[in-house]
Amino acid sequence: MPKTVSDKIERWLTQHRQSLVALQKPQVTLCYAQSWDGSITIRPGEALALSGDASMRLTHLLRSLHDGILVGIGTVLADNPQLTVRECEGVSPQAIVLDSAVRIPENARLCQRQGQKCWVVTSVDQPEISRQDIELIRVASSAENELDLEQVLAILWQKGVRSVMVEGGAKVINAFIKAGLADAIVLTVAPRLVGGYKAIDNLGLSHKAELPRIRPIHTQSLGDDLIMWGELHYGSGND
Ligand SMILES: NC(=O)c1ccc[n+]([C@@H]2O[C@H](COP(=O)([O-])OP(=O)(O)OC[C@H]3O[C@@H](n4cnc5c(N)ncnc54)[C@H](OP(=O)(O)O)[C@@H]3O)[C@@H](O)[C@H]2O)c1
């Protein structure tokens, strides 16, 4: 039987992934850290390290368990993350950025990976962009100028990506939940009160029965942090 939180989550993720195979879409796992009051940072556009050392190691293990790791351009511009696996053994997942106007800077750390171009999802047809450090993936966007996430996942599946870890930021996490496309969540809750920028904003739902639900739930403390994980279920009648 698995004993550590890492072992438990690895086993759970693998089993859950098998249950989704028939859907022919990548498993989408939201993995991020928040304060006790639900903030992921103080202000949007600013980095804030919330996870303790052990939770950070867990994040690296989670990355190693996914084929792709996806963030929004807001996170790239704020944090300039590497999104690699450094705190444990394992292969770094393919970096994917939602960035409709291709604002990702050439000196972004995601564009410096040896032998792996960053995949940049955009809505604009820009044949004049000829950068060697990125691979453009074109999808449609909505009237609100948000990239069509269903189409993003379909293309990732075609490219052989079977699992995607969505690490943030708030707009992207919110959008995946709103679209009902996030399958599971691994949340690190750090013992801070921030009163800042929340991951989940307005989901546009007004009745309790419609609210996404996490079921079954798992919790375990790790250092000073609390790790909470479970499958996401959508739609009315999920009580
Ligand atoms: N605590 C944590 O675990 C954690 C993790 C990650 C980030 N963060 C923090 O979160 C903040 C960044 O979050 P953010 O909300 O400002 O930005 P974000 O979610 O990282 O990126 C949002 C941007 O992605 C693009 N996008 C394209 N299609 C989208 C879609 N369908 N849905 C949503 N976004 C789409 C949009 O830019 P375009 O219109 O230009 O395409 C949008 O403005 C930073 O301060 C960072 O430090 C915290």
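Right above here is the structure, for reference.
Every chain begins its residue count from 1, and numbering advances along the sequence as written. With pLDDT at 70 or above as the cut-off, local features in this predicted model cover only qualifying residues; side-chain atom pairs require 80 or more to be listed or tallied, and sums for whole chains, interfaces and linings still use all residues. To obtain the side-chain values, all non-hydrogen atoms of the structure were used and water was disregarded.

So, about the environment of alanine 154. Among the secondary structure elements, alanine 154 is positioned in helix α4 (residues 149–158). By relative accessible area, which is 36% here, alanine 154 ends up partly exposed. Starting at the N terminus, helices and strands are each numbered in turn, a helix being any DSSP run of H or I of at least four residues and a strand any DSSP run of E of at least two. The classification of residues rests on relative accessible area computed with a 1.4 Å probe and restricted to protein chains. Under 20% of the type maximum is buried, over 50% is exposed, and intermediate values are partly exposed.

A sheet is described by the order of its strands in space; here nine strands give the open sequence β6-β5-β4-β3-β7-β1-β8-β11-β10, paired in mixed fashion. Looking at the sheet topology across the chains shown, the edges are occupied by β6 (134–138) and β10 (213–222). Each adjacent strand pair in this sheet contributes to an overall mean axis angle of 25 degrees, direction not counted. Only strands that DSSP links by at least two bridges are regarded as paired with each other. Note: strand β1 (residues 27–35) against strand β7 (residues 163–168), four bridges, orientation parallel. When the sheet's bridge partners are listed, threonine 29 is paired in β7 with methionine 165. Sheet strands touched by helix α1 (residues 5–20): β1, β7, β8 (184–190), β10 and β11 (225–233). Its angle to β11, the strand with the most contacts, is close to 10 degrees. Here a residue-residue contact requires only that any non-hydrogen atoms of the pair lie within 4.5 Å. Note on geometry: axes are lines fitted to C-alpha atoms, helical ones only across the stretch in contact, with angles between N-to-C directions running from 0 to 180 degrees. The strands touched by helix α2 (residues 53–64) within the sheet are β1, β3 (68–72), β7, β8, β10 and β11, with β7 carrying the most contacts at an inclination of about 145 degrees.

What follows concerns α4. Each full turn of the α-helix corresponds to 3.6 residues, which orients residues three or four apart in the same direction. Those residues of α4 that sit buried are Leu149, Val152, Leu153, Ile155, Leu156 and Trp157. Under this definition, polar contacts are N or O atom pairs within 3.5 Å; protein pairs additionally need one hydrogen-donor-capable and one acceptor-capable atom, and for neighbouring residues in sequence, both atoms have to be side-chain atoms. Where α4 starts, the residue carrying a side-chain oxygen 3.0 Å from the main-chain nitrogen of glutamate 150 turns out to be aspartate 148.

To be near a molecule or strand, a residue needs just one of its heavy atoms within 4 Å of it. For the ligand, the set of nearby residues contains 30 residues, the closest of which are Ala33, Thr75, Asp79, Ser100 and Tyr197. Within the backbone of isoleucine 40, one N or O atom sits 3.1 Å away from a nitrogen atom of the ligand. Within the backbone of glycine 72, a nitrogen or oxygen atom sits 3.4 Å from an oxygen atom of the ligand. Residue exposure ignores everything except the shown protein chains as possible cover, and the areas themselves are Shrake-Rupley values with a 1.4 Å probe. Alone, the ligand offers 920 Å² of accessible surface; in the complex the protein occludes 89% of this. Sorting the residues of the shell around the ligand by element identifies β1, β2 (39–41), α3 (73–79), β7 and α5 (170–178) as the ones contributing at least two each. Looking at the shell around the ligand, the element that brings in the most residues is α3, giving five residues. Looking at side-chain class alone, the shell around the ligand contains 14 nonpolar, eight polar and eight charged residues. Put simply, Ala, Val, Leu, Ile, Met, Phe, Trp, Tyr, Cys and Pro go in the nonpolar bin, Asp, Glu, Lys and Arg in the charged bin, and everything else, Gly too, in the polar bin.

Honestly, it's all geometry; don't read function into it.
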